[in-house]
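Descriptive structure summary
Chain residues, written in single-letter form:
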Amino acid sequence: MCGIVGYIGNNDAKEILLRGLEKLEYRGYDSAGIAVISENGVQLFKEKGRIASLREVVDPNVECTCGIGHTRWATHGPPSKTNAHPHQSSSARFTLVHNGVIENYESLKREYLQGVQLVSETDTEIIVHLVELFMKEELSVEAAFRKTLSLLKGSYATALLDNEDSDRIYVGKNKSPLLVGLGDGVNVVASDALAMLQVTDRFVELMDEEIVIVTRDSVTIKTLDGIVIHREPYIAELDASDIEKGTYPHYMLKEIDEQPLVVRNIISKYQDDNGNVVLEEDIREAMKAADRIYIIAAGTSYHAGLVGKQLIEKLANKPVETHIASEFLYNMPLVSENPLFIFISQSGETADSRGVLVNVKKKGYKALTITNVPGSTLSREADYTLHTFAGPEIAVASTKAYTAQMAILALLAVDTAKNSGIEFDFDPIQELSIVATAMETLCDQKEAFEKIAREYLTVTRNCFFIGRSADYYVCLEGALKLKEISYIQAEGFAGGELKHGTIALIEEGTPVIALATHEHVNLSIRGNVKEVAARGAYPCIISMEGLHEESDRFVIPAVHEYLTPLVSVIPLQLIAYYAALHRGCDVDKPRNLAKSVTVE
Ligand code: F6R
């Protein structure tokens, strides 16, 4: 969701900014723009739609070594060239990009900008006008920028250019992610390290309510009061090749195929020489000490949290509640005496989850983040982090991050049980190895899922996924995958629930995909399939070896009953992928969606 890049060095800024924006495309956006400082002052290029369209309007002859760029995911005002960033002050002296939401922009407009003609419908534009306004108070640009930022309520990652100074980029951050990258005679700004790996792998994290003055040779971090802060850089442990598609037509397919590798990677990262699970001692202690676990997450990560609840309760005998982040604060349950909050987030930047984390920390509760991005906001602000080691996930639809989250939750459950002296008959390392092999078998049978997608989903307007117990949670995920990338109306239901209302929607030919991977519910889910088939549905049963029947459409290799979601989701991911492909959808960049949802 919205991405920012900035460059100040000695090379062609416009090309580096465009390449940086291309690396941020995966986050989701609907318009883009760059501003560069040339001999003739600031040059602005904006376009609605893809970066490819922006490239076409950028003047290739502009010589420039300093600039900023932005991909916008519309919040205030529809996607358009006018609403695209960068935005400029009335005199065009200042040019600015912004990621986040300024909650008090209406009141700031009323109070300070009565006579100013605003060009766009964005909340962002007021920031750049305020900087220009405060310059009239004979402040330095830096002081005007700091004063402006101190008035803003909400979230921002922002970068500012001054037409009268081609040697500086001003940067500010609150709640939205932003990094400064360090090179030799060159420095960069990026929402995400991936965007600027082309220039450097050394980055400095910014904290909330900090500004940075970035020149070619220096990076000065300050508080909004102007106090200088020193912070050591870190090396981004990312391989630029991880973010290339290679021979794959889509990132999503590549990431589905990477799942066996991810599970093996997790096994090796969390295993000691004796084949035992190793977690940090303070995480173990926090899990042991907690009288109740609260899992907070959104979307696909929430679905992993539902599976995590079952795993922790079954193995470690500890009560767990899983909550949707955006609802938690309104529907906050009576929290137990000694809770532990677990935040699950691929990006580590989801604003809804962060909103809960900030609240939880205020109350003095302990928090653990399970994330794919260890330096992310949720990771930094929680007490503990468990890294999912899935490698960058670029496709908007999450696949490998989801299975990685469930693998980590299984290890956490096992380790907690062991640490609490609970006996169990489950070797997670061995069982996860079996899972990885089963995943490979599934990934090798893509034609079967392509065929199911073609047969069931090419023309339908809806689809139901039904399952019981853990299969139900996977059905929620399967339905989410299908709707987000193929735009087919899809719903996941508990098998027994359909007849309490939704079965009214079943008509001749309605596709119903049923999962049957658990012995204790095998007969009842098959009963549910019969109920819908009797009303005209076109059922597709995906079952597990040992529980299967001849008429089942696909049989998954058997894995331990605790871990079935890690494998049963793969057919659903692949069916969604091929359904989207058959319908001509943009698989990796579905409409209206963003990878990193940094607004509430
Ligand atoms: C769906 C998807 C989203 C995310 C959700 C939370 O494929 O990716 O539902 O799971 O936006 O994002 P994270 O996990 O980054 O907090």
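Fair warning: this is a prediction, and the values are worked out from it, not measured in the lab.

Sheet strands associate in pairs through backbone hydrogen bonding, adopting either a parallel or an antiparallel arrangement. A sheet is described by the order of its strands in space; here five strands give the open sequence S17-S16-S18-S19-S20, paired in parallel fashion. The two strands at the open ends of the sheet, each matched to only one other strand, are strand S17 (320–324) and strand S20 (384–387). Along the sheet, successive strands turn relative to each other by an average axial angle of 20°, direction set aside. Examined bridge by bridge, strand S16 (residues 292–297) and strand S18 (residues 339–345) share six bridges and lie parallel to one another. Looking at the pairing, Tyr294 lines up with Phe341 of S18. Where helix H12 (residues 351–362) meets the sheet, its contacts fall on S16, S18 and strand S19 (366–371), and the angle it forms with S18 comes to roughly 160°.

A few words on the pairing of strand S6 (residues 94–99). Summarising burial for S6: six of the six residues are buried, a large majority. Burial along S6 is two-sided: the residues Phe94, Leu96 and His98 and Thr95, Val97 and Asn99 are all buried. By the bridge criterion, two bridges tie strand S5 (residues 87–88) to S6 in an arrangement that is antiparallel. Bridging across to S6, His87 finds its partner in Leu96. The pairing of S6 with strand S7 (residues 156–162) spans six bridges and is classified as antiparallel. The partner of Phe94 across the bridge, within S7, is Asp162.

Here helix H10 (residues 299–316) crosses helix H17 (residues 470–486) at 175°, and the two axes come no closer than 9 Å. Judged on the interaxial angle alone, H17 and H10 are roughly antiparallel. Contacts between H10 and H17 involve Gly299, Thr300, His303, Leu306, Val307 and Gln310 on the former and, on the latter, Ala470, Tyr473, Leu476, Glu477, Leu480 and Lys481. Classifying every residue of the contact of H10 with H17 by side-chain character gives six nonpolar, four polar and two charged.

Time to look at the packing of helix H16 (residues 446–457) against helix H19 (residues 564–582). At a closest axis distance of 8 Å, the pairing of H16 and H19 adopts a crossing angle of 55°. Considering their axes alone, H16 and H19 lie oblique with respect to each other. Crossing of H16 over H19 shows right-handed handedness. Between H16 and H19, the contacting residues are Lys446, Phe449, Glu450, Ile452, Ala453, Arg454 and Leu457 on the first element and Pro571, Leu574, Ile575, Tyr578, Ala579 and His582 on the second. When the residues that make up the contact of H16 with H19 are grouped by side-chain class, the tally is nine nonpolar, one polar and three charged.

Read across the sheet, eight strands follow the order S3-S2-S4-S1-S10-S9-S11-S15 without closing on themselves; strand pairing throughout is antiparallel. Each edge of the open sheet is held by one strand with a lone partner, namely strand S3 (41–48) and strand S15 (234–235). As judged from the six bridges shared by strand S1 (residues 3–8) and strand S4 (residues 66–72), these two strands associate in the antiparallel manner. Looking at the pairing, Gly3 lines up with Thr71 of S4. Where helix H1 (residues 13–24) meets the sheet, it contacts S1, strand S2 (31–38) and S4, and its direction lies at approximately 155° from that of S1.

As a further point, take the pattern of salt bridges. Scanning all chains against the criterion turns up 38 salt bridges. Close ionic contact of Glu205 with Arg380 constitutes a salt bridge, the shortest N to O distance being 3.3 Å. On the criterion of sequence distance, the pair formed by Glu205 in strand S11 (residues 202–205) and Arg380 in helix H13 (residues 377–381) is long-range, its members being 175 residues apart. A residue is classified by how much of its surface remains accessible, and Glu205, at 15% relative accessible area, is buried. We classify Arg380 as partly exposed; its relative accessible area is 26%. Residue Glu491 is joined to Lys483 by a salt bridge in which the shortest nitrogen-to-oxygen separation is 3.7 Å. Overall, the relative accessible area of 27% leaves Glu491 in the partly exposed class. Under the relative-accessibility criterion, Lys483 is labelled partly exposed at 32%. Salt bridges linked by common partners bring Glu15, Arg19, Glu22 and Arg55 together as one network.

Attention now moves to the site of the ligand. If you check the shell around the ligand, you find 15 residues, and the closest are Ser301, Ser345, Ser347, Thr350 and Glu484. Within the backbone of Gln346, a nitrogen or oxygen atom sits 2.7 Å from an oxygen atom of the ligand. Thr350 is positioned such that a nitrogen or oxygen atom in its side chain is 2.4 Å from an oxygen atom of the ligand. In the complex, 90% of the free accessible area of the ligand, which totals 410 Å², lies under the protein chains. Counting only elements with at least two residues in the shell around the ligand, the list comes to H10 and H17. A per-class count over the shell around the ligand returns five nonpolar, eight polar and two charged. Among the domains, domain 2 (250–440) and domain 3 (445–600) are the pair contributing at least three residues each to the shell around the ligand.

Summed over the entire model, instances satisfying the criterion amount to zero disulfides. Of all cysteine sulfurs in the structure, the one in Cys66 sits closest to Cys64, which takes part in no disulfide; the separation is 8.7 Å. Cys585 carries a free sulfur, and the closest cysteine sulfur to it, the one in Cys463, is 14 Å from it. We classify Cys585 as buried; its relative accessible area is 14%.

Moving on to the domain arrangement of the protein chain. We note that the domain assignment places domain 1 (3–239), domain 2 (250–440) and domain 3 (445–600) within the protein chain. In this structure, domain 1 and domain 3 have C-alpha centres spaced 43 Å apart. The partner domain 3 presents nine residues to the twelve residues of domain 1 that form the contact. Taking both partners together, domain 1 and domain 3 bury about 850 Å²; carbon and sulfur atoms supply 57% of that area. When the area that domain 1 buries against domain 3 is broken down by residue, the three leading residues are Arg27, Arg50 and Trp73, summing to 51%. On inspection of domain 1 and its partner domain 3, the count reaches one salt bridge. Where Asp586 meets Arg50, a salt bridge forms, and the shortest distance between an N and an O atom there is 2.9 Å. Among the residues forming the side of domain 1 that touches domain 3, the class breakdown is four nonpolar, five polar and three charged.

Rules of the game
- Residues numbered from 1 in each chain as written.
- Predicted model: local features only at pLDDT ≥ 70, side-chain atom pairs only at ≥ 80, totals over all residues.
- Heavy atoms only, no water.
- Pairing = 2+ DSSP bridges.
- Helix = DSSP H or I, 4+ residues; strand = E, 2+ residues; numbered from the N terminus.
- Axes fitted to C-alpha atoms, helices over the stretch in contact; angles between N-to-C directions.
- Contact = heavy atoms within 4.5 Å.
- Buried < 20%, exposed > 50% of the residue type's maximum accessible area, 1.4 Å probe, protein only.
- Parallel < 35°, antiparallel > 145°, perpendicular 65-115°, else oblique.
- Nonpolar A, V, L, I, M, F, W, Y, C, P; charged D, E, K, R; others polar.
- Left-handed = near helix turned anticlockwise from the far one by under 90°.
- Salt bridge = Lys/Arg side-chain N within 4 Å of Asp/Glu carboxyl O.
- Near = heavy atom within 4 Å.
- Polar contact = N/O pair within 3.5 Å; in protein donor to acceptor, adjacent residues only side chain to side chain.
- Areas by Shrake-Rupley, 256 points an atom, 1.4 Å probe, with all protein chains shown as cover.
- Domains from an automatic or database assignment.
- Disulfide = S-S within 2.5 Å.
- Buried area = accessible area lost by both parts, 1.4 Å probe.

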